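If you want the building blocks of each chain, they are given just below.
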Amino acid sequence: MLRVFNSIGQYVILMQRVFTKPQRGTIYWKQLFEEFEHLGIESLGIVAFISVFMGAVVAIQTAYNIDSPLIPMSMVGFTVRQSVILEFSPTVISLILAGKVGSRIASEIGTMRVTEQIDALEIMGVNSANYLIFPKVTASILINPILIIFSMWLGILGGWVAMTATGLVTTSDYISGIRIDFEGYTIFYALTKTIFFAFIISSVSGFYGYQTSGGALEVGQASTKAVVVSSILIILFNLVLTQLLLT
Amino acid sequence: MIEARNIDKYFGDHHVLRDISCEFQKGHTNLIIGQSGSGKTVLVKCLVGLFEVDNGTVIYDGRNFTEMNFENRKKVRQEIGMLFQGGALFDSMNVEENVMFPLNMFTNQSLEEKLDRVNFVLRRVNLENVNYLMPSELSGGMRKRVAIARAIAMNPQYLFCDEPNSGLDPQTSGVIDHLIQEITLEYEITTIVNTHDMNSVLSIGDSVAFIYKGELWWRGNKEEILHTENPELNAFVFGTELTSRLIKT
């Protein structure tokens, strides 16, 4: 328990160093755009793949479980939309990104630590925490909502492809289901969660990478810890944010 | 000049540095020698502020570095160049970007001025036409030379070298040693080299501090070190198979 509080304290101290004004604006903007590519654009493939199949599976399962003739088949579109927007895209995709992006951040910064590159930055008078972690946090917070909107769209598209391919639901039923009782607030809720999760993934992974000491083995351990702790925090904050935003 | 006064450093219960006081002169190549684990790397890291000292002070030309806040330390650090054991070049940047990095961070020079400076310091360390190579494409000796070029890009007043010869063959080690000494004399900087290589000691040791079990055990220069009667230092200096065979013959 003491170790947990110790880690929280170290995390807070590190974040105080991270959230300061970048020493060079031009370098920060350059890094930010590089991180958009590394953390966002390079994740498009996996996000697209998972989203399409996730939407398709939700649609097929819903369609097969509608037994009653009193329930219209348009409910398939409705269920896919609600599941994808409220939970699957923001939470499941964030968990996937915790694995992909989180391990990348932790191993990149951890390797810099064990090869003394972070010491080299400090010796030059650079605030290494700000230089290395701040662009990653801001890039994640800005790019992840775009990834999640992309995921929502592909998830719903995946559901439609599955329904038209299997013939379980017609296109018109599916589309009318998607339009039933749509509330814009659900998008706000999903994106709010996404921003929180993006912060958790990038800052926690940055923290574990930055705290690495030792060699290659410790870099691997830091990377694993970053993914595990980020995932646990995403699940916990998902519950808290759902309670706060939907009740 | 850099002064270390009564420095103590603990890691938990382990007393790593014990009341170390010494001065490192400007325009000299000051060597810190000792066995592995004797505390010399910890001493260097305490001098540059990578480790906080538990007792004592570090003074850079009259400025008390130990008591400075982060902002003031940052200013002093911009006068420091450091060569790390493995070079510590940034993996994601090519040679030119690595050497240009401190210039980008701390100067308002134009791109042309920065490129001129980069090419000048690369030529100074006898490297040409390597600007676009990545660190992974360089040999050990080239990495060290690029790291020296990066360390001197900002015209430092103080140069720290942590085991500059580790992993290098004796000839390349000699080249790096002489380069460090030439730069020290040319720019009249305070250079501190942490090493356990006796070739370095005998070739560039203007001033030598021997650290033994965390204590400053002996001070002298490259001439005096061969005639000392200090048993621990003699064991360190003449402890290799090569020197014992030479003594026998």
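Residues numbered from 1 in each chain as written. Chains lettered and ligands numbered in written order. Predicted model: local features only at pLDDT ≥ 70, side-chain atom pairs only at ≥ 80, totals over all residues.

The helix and strand inventory of chain B stands at nine helices and 10 strands. Dimensions of chain B, computed from the C-alpha atoms along their principal axes, are close to 55 × 50 × 30 Å. Relative to its full complement of 249 residues, chain B shows a buried share of 42%. Summarising the internal contacts of chain B: among those between residues at least 6 apart in sequence, 67% fall at separations of at least 24. (Helix = DSSP H or I, 4+ residues; strand = E, 2+ residues; numbered from the N terminus. Buried ≥ 20, exposed ≤ 12 C-beta atoms within 10 Å, placed from the backbone. Contact = placed C-beta atoms within 7 Å.)

Okay, the domain arrangement of chain B next. Residue and element names in this part refer to chain B. Here the domain parsing of chain B yields domain 1 (1-79 + 157-175 + 184-249) and domain 2 (90-155). Of note, the centres of domain 1 and domain 2, computed from C-alpha atoms alone, are 26 Å apart. Contacts between the two partners involve eight residues from domain 1, matched on the other side by seven residues from domain 2. Considering each element in turn, the side of domain 1 that touches domain 2 owes the most residues, three residues, to helix H6 (residues 170-187). Class assignment for the residues of the side of domain 1 that touches domain 2 results in five nonpolar, three polar and no charged. (Domains from an automatic or database assignment. Nonpolar A, V, L, I, M, F, W, Y, C, P; charged D, E, K, R; others polar.)

With that settled, the discussion passes to unusual backbone geometry. All names here are of chain B. The backbone of Asp 19 shows a phi angle near 50°, a positive value even though the residue is not glycine. Relative to the assigned elements, Asp 19 resides in strand E2 (residues 14-24). Here Asp 19 falls in the partly exposed class, since 14 other C-beta atoms lie within 10 Å of it.

All names here are of chain B. Within the open sheet, the four strands sit side by side as E2-E1-E4-E5. Their pairing is antiparallel. One side of each edge strand has no neighbouring strand; the edge strands of this open sheet are E2 and strand E5 (63-64). With five bridges joining them, strand E1 (residues 2-11) and strand E4 (residues 55-60) adopt antiparallel strand pairing. When the sheet's bridge partners are listed, Ala 4 is paired in E4 with Val 58. (Pairing = 2+ DSSP bridges.)

Residue and element names in this part refer to chain B. Read from one edge of the open sheet, six strands run E6-E7-E8-E3-E9-E10, paired in mixed fashion. For this open sheet the edge positions go to strand E6 (80-83) and strand E10 (215-220), each flanked by a neighbour on one side alone. Each strand of the sheet is rotated relative to its neighbour by a mean of 20°, with strand direction disregarded. Examined bridge by bridge, strand E7 (residues 158-162) and strand E8 (residues 190-195) share five bridges and lie parallel to one another. The residue of E8 that forms the bridge with Leu 159 is Thr 191. (Axes fitted to C-alpha atoms, helices over the stretch in contact; angles between N-to-C directions.)

Residues and elements named next belong to chain B. Taken together, the seven bridges between E1 and E2 define a ladder with antiparallel strand orientation. Considered in E2, the bridge of Tyr 10 is made with His 15. Between E1 and E2, which follow one another and run antiparallel, lie two residues, and Gly 12 among them has a positive phi close to 65°.

Time to look at the interface of chain B and chain A. If you look at the interface, chain B gives 14 residues, while chain A gives 13 residues. Here the element with the most residues in the side of chain B that touches chain A is helix H3 (residues 95-106) of chain B; it accounts for three residues. Looking at the side of chain B that touches chain A residue by residue, the class counts come to nine nonpolar, three polar and two charged.

Right, let's talk about the pairing of E8 of chain B for a bit. With respect to burial, E8 of chain B is a largely interior element, six of its six residues being buried. The two faces of E8 of chain B match: Thr 190, Ile 192 and Asn 194 of chain B on one face and Thr 191, Val 193 and Thr 195 of chain B on the other face are all buried.

This part covers helix H2 (residues 25-40) of chain A. Residue and element names in this part refer to chain A. Compared with the 22 Å implied by 1.5 Å per residue over 16 residues, the 21 Å span of H2 between its first and last C-alpha is a close match. Listed as buried for H2 are Glu 35, Leu 39 and Gly 40. Down the axis, H2 shows its buried residues gathered within 85° of arc, on one side only. Seen from the open side of H2, the exposed residues pointing more than 90 degrees away from its buried face are Thr 26, Trp 29, Phe 33 and Glu 37. Here the buried face of H2 lies against helix H4 (75-114) and helix H6 (128-166). (Expected span 1.5 Å × (residues − 1). Arc of directions from axis to C-beta.)

Once that is clear, we can look at the environment of Gly 220 of chain A. Residues and elements named next belong to chain A. Along the chain, Gly 220 falls in helix H9 (residues 216-246). The class for Gly 220 is partly exposed, based on 15 C-beta atoms found within 10 Å. Through-space distance from the C-alpha of Gly 220 to that of Val 169 is 47 Å; in sequence the pair is 51 residues apart.

With that settled, consider the nonpolar core. In this structure, Leu 43, Leu 47, Met 82, Val 99, Ala 149 and Phe 160 of chain B are the most contacted members of the largest nonpolar core, which totals 126 residues. With 15 residues, the top contributor of residues to this core is H6 of chain A. Residues within four places of Ala 149 of chain B in sequence aside, it is in contact with Val 99, Val 121, Leu 122, Arg 124, Val 125 and Leu 127 of chain B. (Core = buried A, V, L, I, M, F, W, Y, C linked by C-beta atoms within 7 Å.)

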